[in-house]
Amino acid sequence: MNLADGVQLVSFLVLAAMMIGAALGVVLLSNIVYSAFLLGLVFISMSGMYILLNAGFVAAAQILIYVGAVNVLILFGIMLVNKREDFVPIKNAWVNQVATAVVCLGLFALLSTMVLATPWAISSATPIGDMAIVEIGKHFFSDYLLPFELASVLLLMAMIGAIVLARRDYLPDELLTSERRDEPSALTLPERPRELISSNKK
Amino acid sequence: MQLQYFLLLAAALFCIGIYGLVTSRNAIRVLMSIELLLNSVNLNLMAFSNFLDPQGIRGQVFTVFVITIAAAEAAVGLAIVLSIYRNRDTVDMEQFNLLKW
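These numbers were taken from a predicted model, which means no experiment stands behind them. (Residues numbered from 1 in each chain as written. Chains lettered and ligands numbered in written order. Predicted model: local features only at pLDDT ≥ 70, side-chain atom pairs only at ≥ 80, totals over all residues. Heavy atoms only, no water.)

### Here we look at the overall build of chain A
A tally of helices and strands in chain A yields seven helices and zero strands. Counting helices and strands in the order they occur from the N terminus, chain A gives α-α-α-α-α-α-α. Taking all 202 residues of chain A together, the buried fraction comes to 26%. Total accessible area computed for chain A in this model is approximately 13,500 Å², and 69% of it derives from carbon and sulfur atoms. (Helix = DSSP H or I, 4+ residues; strand = E, 2+ residues; numbered from the N terminus. Buried < 20%, exposed > 50% of the residue type's maximum accessible area, 1.4 Å probe, protein only. Areas by Shrake-Rupley, 256 points an atom, 1.4 Å probe, with all protein chains shown as cover.)

### A closer look at the overall build of chain B
Scanning chain B from N- to C-terminus turns up three helices and zero strands. Ordered by position from the N terminus, the helices and strands of chain B form the series α-α-α. At 17 Å, chain B has a C-alpha radius of gyration far larger than the 13 Å of a compact globule built from 101 residues. With the C-alpha coordinates of chain B rotated into their principal frame, the extents come out at 50 × 25 × 20 Å. (Rg over C-alpha atoms; globule rule 2.2 N^0.38 Å.)

### Let's talk about the interface of chain A and chain B
Taken together, the contacts link 88 residues of chain A with 74 residues of chain B. Note on chain A versus chain B: buried area summed over both sides is about 7,600 Å², and carbon and sulfur give 75% of it. At the boundary of chain A and chain B, one finds zero salt bridges. Viewed at the interface, chain B and chain A are joined by eleven residue pairs in polar contact (both at pLDDT 80 or more). Contributing elements (two or more residues each) for the side of chain A that touches chain B: α1 (3–28), α2 (32–52), α3 (56–80), α4 (93–117), α5 (132–141) and α6 (145–166) of chain A. A breakdown of the residues in the side of chain A that touches chain B according to their chemical character gives 64 nonpolar, 16 polar and eight charged. (Contact = heavy atoms within 4.5 Å. Buried area = accessible area lost by both parts, 1.4 Å probe. Salt bridge = Lys/Arg side-chain N within 4 Å of Asp/Glu carboxyl O. Polar contact = N/O pair within 3.5 Å; in protein donor to acceptor, adjacent residues only side chain to side chain. Nonpolar A, V, L, I, M, F, W, Y, C, P; charged D, E, K, R; others polar.)

### Brief notes about the state of the cysteines
Disulfide: a covalent bond connecting the sulfur atoms of a pair of cysteines. According to the stated counting rule, one finds zero disulfides over all chains in the structure shown. Here Cys15 of chain B stays free of any disulfide, with the sulfur of Cys104 of chain A as its closest cysteine sulfur at 5.7 Å. For Cys15 of chain B, a relative accessible area of 6% corresponds to the buried category. (Disulfide = S-S within 2.5 Å.)

### Quick notes on the confidence of the model for chain B
Scored by pLDDT, chain B has a mean of 90; 98% of the residues are at 70 or more. This prediction of the complex comes with two scores: 0.85 for pTM and 0.92 for ipTM. (pLDDT = per-residue confidence, 0-100.)

### Side note on α6 of chain A
Over its 22 residues, α6 of chain A extends 32 Å from the first C-alpha to the last, a length consistent with the 32 Å expected when each residue adds 1.5 Å. Taken together, the buried positions of α6 of chain A are occupied by Ala151, Ala158 and Ala162 of chain A. Mapping the buried residues of α6 of chain A onto a view down its axis gives an arc of 25°, with all of them on the same face. Of the exposed residues in α6 of chain A, the ones pointing more than 90 degrees away from its buried face are Leu146, Leu150, Met157, Ile163 and Val164 of chain A. Residues of α6 of chain A that are buried sit in contact with α3 (58–88) of chain B. (Expected span 1.5 Å × (residues − 1). Arc of directions from axis to C-beta.)

### Details of the pattern of salt bridges
All names here are of chain B. For the coordinates displayed, the defined rule picks out two salt bridges over all chains. Between Asp92 and Arg25 there is a salt bridge, with its nearest N and O atoms 2.7 Å apart. One end of the pair, Asp92, is in the segment after α3; the other, Arg25, is in the loop between α1 (3–23) and α2 (27–51), and 67 residues separate them in sequence. The same class applies to Asp92 and to Arg25, which are both buried.

### As for unusual backbone geometry
Located in the positive-phi region is Asn54 of chain A, a residue other than glycine, with phi close to 65°. Summarising the element assignment, Asn54 of chain A is placed in the loop between α2 and α3. Despite not being glycine, Asp89 of chain B has its phi angle at roughly 65°, a positive value. Tracing the sequence through the fold places Asp89 of chain B in the segment after α3.

### Quick look at α4 of chain A
Over its 25 residues, α4 of chain A extends 36 Å from the first C-alpha to the last, a length consistent with the 36 Å expected when each residue adds 1.5 Å. Residues Thr100, Cys104, Ser112 and Val115 of chain A constitute the buried set of α4 of chain A. Against the buried residues of α4 of chain A lie α1 of chain B.

### Concerning the packing of aromatic side chains
Residue and element names in this part refer to chain A. Counted under the stated rule, the structure contains ten aromatic pairs over all chains. Taking the centre distance of 4.5 Å and the plane angle of 35° together, the rings of Phe43 and Tyr66 count as tilted. Note that Phe43 is positioned in helix α2 and Tyr66 in helix α3, a separation of 23 residues in sequence. Judged by its relative accessible area of 0%, Phe43 falls in the buried class. Residue Tyr66 is classed as buried on the basis of its relative accessible area of 0%. (Phe/Tyr/Trp six-rings, centres within 6.5 Å; stacked < 30°, edge-to-face > 60°.)

Quick look at the structure:
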C-alpha cells in the first residue's frame, strides 16, 4: 500500500462515517430542520465519494443540484409547512419500528452477502478521469440521445405539475367585492376559504 | 480501494433510507428518505462505472439521469405535500388515509 492508497482509504473512511452518521440523523432525529441540514451533509459527503471514484463532473453536479436545489427546496417546504404538532401516538408503534429494523438489517445482510460473494469482473483499464466530461457529452448526443431529450420534457412536465399542484385557488374579483367587502383586506391574500376535511374522522 | 467497500456503503445507506421511509410520520421526512434511497443507487452506479467500465463511463451517464429525475421528484413531491397540508391541516402520514378505507 503506497501513500496514495492510504490517503484514499482514510478519506473513504472519513466520508463513510460522515455519511452513515448524517443519514442516521436524518432518519432518527425528531427535529425536522436538523434532519434537513444533515441531509445536506449526506449530499456533500456523497459528492466526496464521487471525487474518490474519479468523477469530478458528477460530483460538481451533485453539489449544484442536490445541495443547491433539492435541499433548499426541502428547507422551503419545511418552512411552508412549519407547524409544531405533536403526532398522536399510535399504539404498538414500537412493534412497527422493530419489525422495520429487522427487515432492514436482513436486507443489508442479504445485500452484503451478495456483494462479497459475487466475483466482479474488475476492469484493469485506467480510468479516463477528467476526460469524463467529453465522454458524457458524447454519450448524451449519440447513444443516449432519446433519454436526454425525454429528460428535458420530463423536467418541463414536473415544473408545470408542481405549479398546478401547489398554487392556491383565487376567487374571481366580482365575487370578492360583493361578498367580502366588510372583512379586513390588508395583509390577506384573496383566497377561497378552504373547507377542511376533518382529518380525524373516526 | 475496492469495489466492495462502495457497494457495502451504498447498501447500508439504502437500508437506512428504507427504515426512514417506513417508520417516519412526517411527510417531508419521507421525501428526504426517498432522496437517501436515490443517492445510494447513485453511489452503486458510480462505483460500477469506475471499477467495471472505466473507459465507457456509462454509469456516470445514468447517474446524471437519476439526479435529473430526483430533482423533478422532489419538486412534485413537495407540491403534493403542500397541497395535502393545505387540505388536511396536518403532515402526519398516519392521517393521510383518504383512499385507504
